[in-house]
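What the coordinates show
The lines below spell out each chain.
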Amino acid sequence: MQNSSPEWPEATMESNMVVWPPWPSYWLQGDHMDSLTILATEYQPWICSIIAAIAIGLAGIVPLLVIPQDNQIKSNVESRNILQLLLSFAVGGLLGDVFLHLLPEAWSLALEAGAEPHEAFTQVGLCVLAGIFVFIIVEMLAVQNSSDNSSPQNNNTVKETSNSNKKEVAGYLNLIANGVDNFTHGLAVAGSFLVSYKTGLLTTGAILIHEIPHEIGDFAILLKSGFSRWEATLAQLYTAGIGLLGALVTLFIGTSEILGGVQHYILSFTAGGFLNIALVTVLPELLQEERPAQSCAQLLCLLIGTFTMAAVAVSC
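Residues numbered from 1 in each chain as written. Predicted model: local features only at pLDDT ≥ 70, side-chain atom pairs only at ≥ 80, totals over all residues. Heavy atoms only, no water.

Re the side chain of D218
Tracing the sequence through the fold places D218 in helix 6 (residues 197–224). This buried residue, D218, is left without a salt bridge; K224 holds the nearest opposite charge, at 16 Å. Residues in contact with D218, not counting those within four places in the same chain, are L94, N174, N178 and Q236. (Helix = DSSP H or I, 4+ residues; strand = E, 2+ residues; numbered from the N terminus. Buried < 20%, exposed > 50% of the residue type's maximum accessible area, 1.4 Å probe, protein only. Lys, Arg positive; Asp, Glu negative; His and termini not counted. Salt bridge = Lys/Arg side-chain N within 4 Å of Asp/Glu carboxyl O. Contact = heavy atoms within 4.5 Å.)

A few points about helix 3 (residues 77–112)
Since the α-helix advances by 3.6 residues per turn, residues separated by three or four positions end up pointing in the same direction. Here helix 3 is 36 residues long and its end C-alpha atoms lie 51 Å apart, about the 52 Å a rise of 1.5 Å per residue gives. The positive-phi residue at the C-terminal boundary of helix 3 is G114, with phi of around 105 degrees. (Expected span 1.5 Å × (residues − 1).)

Side note on the nonpolar core
Core analysis: the largest hydrophobic core is formed by 42 residues, its most contacted members being V91 and I277. Among the elements of the structure, helix 3, helix 4 (117–149), helix 5 (155–195), helix 6, helix 7 (229–253) and helix 8 (260–286) are those that each provide at least two residues to this core. Among the elements that make up this core, the one with the highest residue count is helix 3 (twelve residues). Apart from the residues within four sequence positions on either side, V91 is in contact with A278, V282, L283, L286 and L302. (Core = buried A, V, L, I, M, F, W, Y, C linked by side-chain atoms within 4.5 Å.)

What about helix 7?
In a regular helix each residue adds 1.5 Å, so 25 residues correspond to 36 Å; helix 7 covers 37 Å between its end C-alpha atoms and thus fits that length. Among the residues making up helix 7, those that are buried are R229, A232, T233, A235, Q236, T239, A240, G243, G246, A247, T250 and L251. The first or second residue beyond helix 7 is G254, which carries a positive phi of 95 degrees.

Quick notes on the environment of V128
For V128, the position within the fold is in helix 4. Taking the C-alpha atoms as reference points, V128 and T270, 142 residues apart in sequence, are found 7.4 Å from one another. Leaving out residues up to four positions away in the same chain, V128 has contacts with L103, S268, A271, G272 and L275.

Don't take any of this as a statement about function, it's just geometry.
Here's what the structure looks like:
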């Protein structure tokens with residue numbers, strides 16, 4: 001009975017070629033070699049896009065290196081001051097992200113979709129307002145629900161419970177907005193790798209430079225909302241998974257152009273959510289600071305966050 005198993009290449013005196021990995025010899029002949037080349041070419045965007053989306057998602061663990069420990073935040077005044085500075089940086093970063101990244105990109109996509117300039121501005125503006133009002137309504141409903149379910153023994157108890165719940169809701173709202181933002185990043189990364197390997201690398205690098213300061217700000221907001229450091233890290237990684245989902249959507253469709261007609265709506269809505277988080281949820285508490293030196297430091301960190309996003313927008 002003839003052995004039907006594939007023949008592996010054998011070293012001969014006539015050839016110094018080393019074959020590794022040791023593919024069956026018939027795989028390395030003629031049409032089979034061409035098939036392997038085509039296979040590698042076809043799946044390169046998939047492999048590169050998935051690796052890039054994971055790398056961008058891992059930016060969510062960078063804040064662990066700079067954020068104080070949980071017990072330090074609760075017991076150490078200096079650590080609480082650092083958290084306030086990071087929250088100020090988050091506000092500046094969110095404002096810079098909205099006005100220097102999300103909105104310009106949304107306007108550009110709206111114009112590319114065929115809208116007239118005035119129509120594009122109106123569409124983007126309405127979606128921004130929708131994002132702001134939706135986040136405000138969700139926050140108000142959550143606080144009202146907390147007040148109805150609590151037993152109001154005195155006014156201070158109700159106020160403290162409502163305020164605690166509000167902070168928690170703010171953290172989840174930030175995760176929702178961040179998840180939507182990561183989804184668009186995934187779309188951009190996969191779409192760029194479908195164009196070329198070089199374009200994909202440049203896009204991934206630009207998003208990473210933008211994401212690291214953004215993730216630090218998001219992390220500070222989550223800590224302020226009652227998350228522990230590890231809970232905040234896991235939450236950041238979960239939202240990073242949404243970015244991977246965005247990349248897979250583009251890869252399965254085969255192009256990112258099919259989503260171009262709605263992507264500017266998504267970006268504008270996300271911008272509205274970030275504006276609400278920065279100006280309604282985080283900034284009012286920072287404005288209650290009564291120490292002049294700490295207030296000046298917070299203002300400086302806010303400006304640093306904005307200028308960081310400005311530098312990223314100019315360089316990328």
